[in-house]
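# Structural description and commentary
Residues per chain are reported as follows:
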Amino acid sequence: MRLSRSFLPTLKETPAEAQIVSHRLMLRAGLVRQTSAGIYAWLPAGLRVLENVARIVREEQDRAGAQEILMPTIQAAELWQRSGRYEDYGKEMLRIEDRHGRPMLYGPTNEEMVTALFAAEATSYRDLPRNLYHIQWKFRDEVRPRFGVMRGREFLMKDAYSFDLTKEASEHSYRQMFVAYLRTFARMGLKAIPMQADTGPIGGKLSHEFIILAETGESQVFLDRALLDFDPLAEAPDYDAGLSPLVEFWTKHYAATDEKHDEAAWAAVPAERQVSARGIEVGHIFHFGTKYSEPMGLRVQGPDGADVIPQMGSYGIGVSRLVAAIIEASHDEAGIIWPDAVAPWRLHVLNLKPGDAGCDALAGALHDAMPAQAILDDRGDRAGVKFADADLMGTPWQAIIGPRGAAAGKVELKRRATGERLELTLEEALARIRG
RNA sequence: CGGGGCGUAGCACAGCCUGGUAGUGCGCCUGCUUUGGGAGCAGGAGGCCGGAGGUUCGAAUCCUCUCGCCCCGACCA
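What you see is a predicted model; the values in this text were computed from it and never measured.

Conventions we followed
Residues numbered from 1 in each chain as written. Chains lettered and ligands numbered in written order. Predicted model: local features only at pLDDT ≥ 70, side-chain atom pairs only at ≥ 80, totals over all residues. Heavy atoms only, no water. Core = buried A, V, L, I, M, F, W, Y, C linked by side-chain atoms within 4.5 Å. Buried < 20%, exposed > 50% of the residue type's maximum accessible area, 1.4 Å probe, protein only. Helix = DSSP H or I, 4+ residues; strand = E, 2+ residues; numbered from the N terminus. Domains from an automatic or database assignment. Contact = heavy atoms within 4.5 Å. Near = heavy atom within 4 Å. Polar contact = N/O pair within 3.5 Å; in protein donor to acceptor, adjacent residues only side chain to side chain. Nonpolar A, V, L, I, M, F, W, Y, C, P; charged D, E, K, R; others polar. Pairing = 2+ DSSP bridges. Axes fitted to C-alpha atoms, helices over the stretch in contact; angles between N-to-C directions. 1 Å grid on protein atoms, 1.4 Å probe; cavity = no way out; pocket = protein on both sides within 12 Å on 5 of 7 lines; lining within 4 Å. Points joined across faces, edges and corners; volume = space filled by probe spheres on them. Buried area = accessible area lost by both parts, 1.4 Å probe. Salt bridge = Lys/Arg side-chain N within 4 Å of Asp/Glu carboxyl O. Left-handed = near helix turned anticlockwise from the far one by under 90°. Expected span 1.5 Å × (residues − 1).

What follows is about the nonpolar core. Within the largest apolar cluster, 76 residues are counted, with the highest numbers of intra-cluster contacts made by Met26, Leu31, Val53, Phe185, Met188, Leu223 and Trp338. No other element matches the eight residues that helix H6 (residues 167–187) contributes to this core. Split by domain, this core shows at least three residues from each of two domains, domain 1 (21–335) and domain 2 (345–434). Setting aside anything within four residues of it in sequence, one finds phenylalanine 185 in contact with Leu190, Ala192, Phe210, Val282, Gly283, Ile317 and Leu322. Formed by 25 residues, the second largest nonpolar core is a distinct cluster that contains Leu79, Met93, Phe286 and Tyr292.

Right, here's the structure in full:
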């Protein structure tokens, strides 16, 4: 993409409404624009990141055996009246009416709908287990949306729902998601730590929040350093086999948010392993038994011919929130530092002198070598503007093309994360970028 | 939902107290000069001062109502 023709509006100054660093950088780097309180439009660069995050989530859900579907954003109130949550959910639920006066709502989550959907088809224990997920926009009419996309009213969420015959099988489904989450966040370059959580209005007993560590995180967390030394990607899990040892490792060490903090248990952690940090919740998983399957009329016939009410769990990841969370965890004074896996582009080519034949040729060749993954700054601005925008936008690699280097056939390749610079030929640079 | 604050040009803000017909910086357009870390000079475009009522000869400024947005708290993927 050529910057001279793209819709990537960067801002030199920070808009007054943005308080936290990710919100400021998302506005300044031209990722999003607010359209109403807590509601955002995603511009090209932001959309690419959002889609990259969603892609990783999707790949890990699929790998863990979940199947993707897509449920609507608008739901009938009747569905929620059956579970009793139409009354319970309160003002956070955006209620609307269609032209016939029928009560509808913009879905804040999909337990009722997915359960009804599944109940209409499942009749036998052979239809279990199943895990269905979708990545869809949700709306929760937060009293006070803030922090940009971090706590918006409209947000993109991955939510998965598992259906099992027995409690034991259901706990296995829970562990599958638990492990999938560890991998998902690790692939985005994040340190995500599972922590015991309250189940809130969704209900149930088994529940973990996945918290990523970021200096600017909104909640205080306490954890055992042992959890930070482990790489979830070190080996591929066998989702069909027992995942208990893996999950046990992650749950036997101390980790808690300040709400659940237990001073006694904390004191038992050796002092040199105590880590007190800030965190952001990016995922939440629940096991809630028959809380929805029962009222929604989901039942299947077991091997013995008796009716069984399936056990369920639900598993959320805040996809749009993750974009902000990643920035909170990865930025510096100059701007965003995108982890390679989610970066909108791999390469940002800076043509410092458009119009100079050598610069145009070399910059164009670099860009054209990976057109879908490169952005070319071919604007007529001064070099300083381009350097500043490139750092702000945070693309992992910058190829700086000036007249002097171009004449010698050299590009200056800069790694955004480290600031490291190398003088390379075009081929060498491409080899390194493609890594 | 309780408390507080702010709406003036694309962005950041001044002007409001003490009414007299709108300004600064950045950005934008044109020209010249400049050209490796957010350039210089000159010229220029751009505002129903959030909206509606009212007071007044006259309202960005005073009064009333309304809409929007932000911050703190309680709540939350």
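Moving on from the model shown.
For the rest of this paragraph, the subject is the protein's contact with RNA strand B. Taken together, 40 residues sit near RNA strand B, with Ala16, Arg144, Glu281, Glu412 and Arg421 positioned nearest. Backbone atoms, meaning sugar plus phosphate, form 44% of the atoms of RNA strand B positioned within 4 Å of the protein. The contact in question runs from a base oxygen of RNA strand B to an N or O atom on the side chain of arginine 151, over 2.9 Å. Contacts to RNA strand B include glutamate 281, whose side-chain N or O atom sits 2.2 Å from a sugar or linking oxygen. For the surface near RNA strand B, the secondary-structure elements that each account for two or more residues are strand S1 (32–36), strand S13 (274–289), helix H11 (383–393) and strand S22 (411–415). Across the surface near RNA strand B, the residue classes tally to 13 nonpolar, nine polar and 18 charged.

Turning our attention to the sheet that holds strand S4 (residues 74–76). The strand order across the open sheet built from three strands is S4-S6-S5, with neighbouring strands paired in antiparallel fashion. Edge positions in the sheet fall to S4 and strand S5 (94–97), since each has one partner strand and no second. Averaged over all adjacent pairs, the angle separating strand axes in this sheet is 40°, with direction ignored. Here four bridges tie S5 to strand S6 (residues 103–106), and the two strands are oriented antiparallel to one another. Considered in S6, the bridge of arginine 95 is made with leucine 105.

Okay, the sheet that holds strand S20 (residues 374–377) next. Strands in a sheet are paired, the pairing made by backbone hydrogen bonds, and the direction either parallel or antiparallel. One open sheet holds the five strands; their spatial order is S20-S19-S21-S22-S23, and the pairing between them is mixed. Two strands close off the open sheet at either side, each with one partner strand: S20 and strand S23 (421–424). Averaged over all pairs of adjacent strands, the angle between strand axes in this sheet comes to 20°, irrespective of strand direction. Relative to S22, strand S21 (residues 397–401) is paired through four bridges, and the arrangement is antiparallel. Opposite isoleucine 400, over in S22, you have glutamate 412 as the bridge partner. Along the sheet, helix H10 (residues 357–369) makes contact with strand S19 (347–351), S20, S21 and S22, crossing S19 at roughly 170°. On top of the sheet, H11 reaches S19, S20, S21 and S22; it is set at about 175° to S19, its chief contact.

The subject of this paragraph is empty space enclosed by the protein. Here the structure, examined in full by the defined rule, presents one cavity of 30 Å³ or more. Reported here for the largest cavity is a volume of approximately 30 Å³. Together, Tyr40, Trp42, Trp137, Val149, Glu154, Phe155 and Ser320 line the largest cavity. The set of elements that each furnish at least two residues to the lining of the largest cavity consists of strand S2 (39–42) and strand S8 (154–164). For the lining of the largest cavity, the class distribution of residues is five nonpolar, one polar and one charged.

Time to look at the domain arrangement of chain A. Domain annotation of chain A identifies domain 1 (21–335) and domain 2 (345–434). Placing the centre of domain 1 and that of domain 2 at their C-alpha centroids yields a distance of 39 Å. The partner domain 2 presents seven residues to the eight residues of domain 1 that form the contact. Of the roughly 640 Å² buried between domain 1 and domain 2, counting both surfaces, carbon and sulfur atoms make up 56%. It is Ala29, Arg48 and Ala334 that lose the most area in domain 1 upon contact with domain 2, and together they represent 57% of the buried surface on that side. Applying the counting rule to domain 1 against domain 2 returns one salt bridge. The residue aspartate 332 makes a salt bridge to arginine 416 at a minimum N-O spacing of 2.8 Å. Where domain 1 meets domain 2, there are three residue pairs in polar contact (both at pLDDT 80 or more). At the level of secondary structure, the elements contributing two or more residues to the side of domain 1 that touches domain 2 comprise helix H1 (21–28) and helix H2 (44–63). Of the residues in the side of domain 1 that touches domain 2, the class split is four nonpolar, one polar and three charged.

Okay, the packing of H10 against helix H13 (residues 426–434) next. The N-to-C vectors of H10 and H13 enclose an angle of 30°; their axes lie 11 Å apart at closest approach. Like other packed secondary-structure pairs, H10 and H13 cross with a definite hand, here right-handed. Contact residues: H10 offers Leu362, Ala365, Leu366 and Ala369, while H13 offers Leu426, Leu430 and Arg434. Residue classes in the contact of H10 with H13 are distributed as six nonpolar, no polar and one charged.

The next thing to look at is H6. In a regular helix each residue adds 1.5 Å, so 21 residues correspond to 30 Å; H6 covers 30 Å between its end C-alpha atoms and thus fits that length. Downstream of H6 by a residue or two, glycine 189 has a phi angle that is positive, lying close to 80°.

Looking now at unusual backbone geometry. Of note, the bond from leucine 128 into proline 129 is cis; its omega dihedral lies within 30 degrees of zero at -5°. By secondary structure assignment, the location of proline 129 is in the loop between helix H5 (111–119) and strand S7 (130–139).

Counting buried positions along H5 yields eight of nine residues, so the element is predominantly enclosed. Residues of H5 that are buried: Glu111, Glu112, Met113, Val114, Thr115, Ala116, Phe118 and Ala119.

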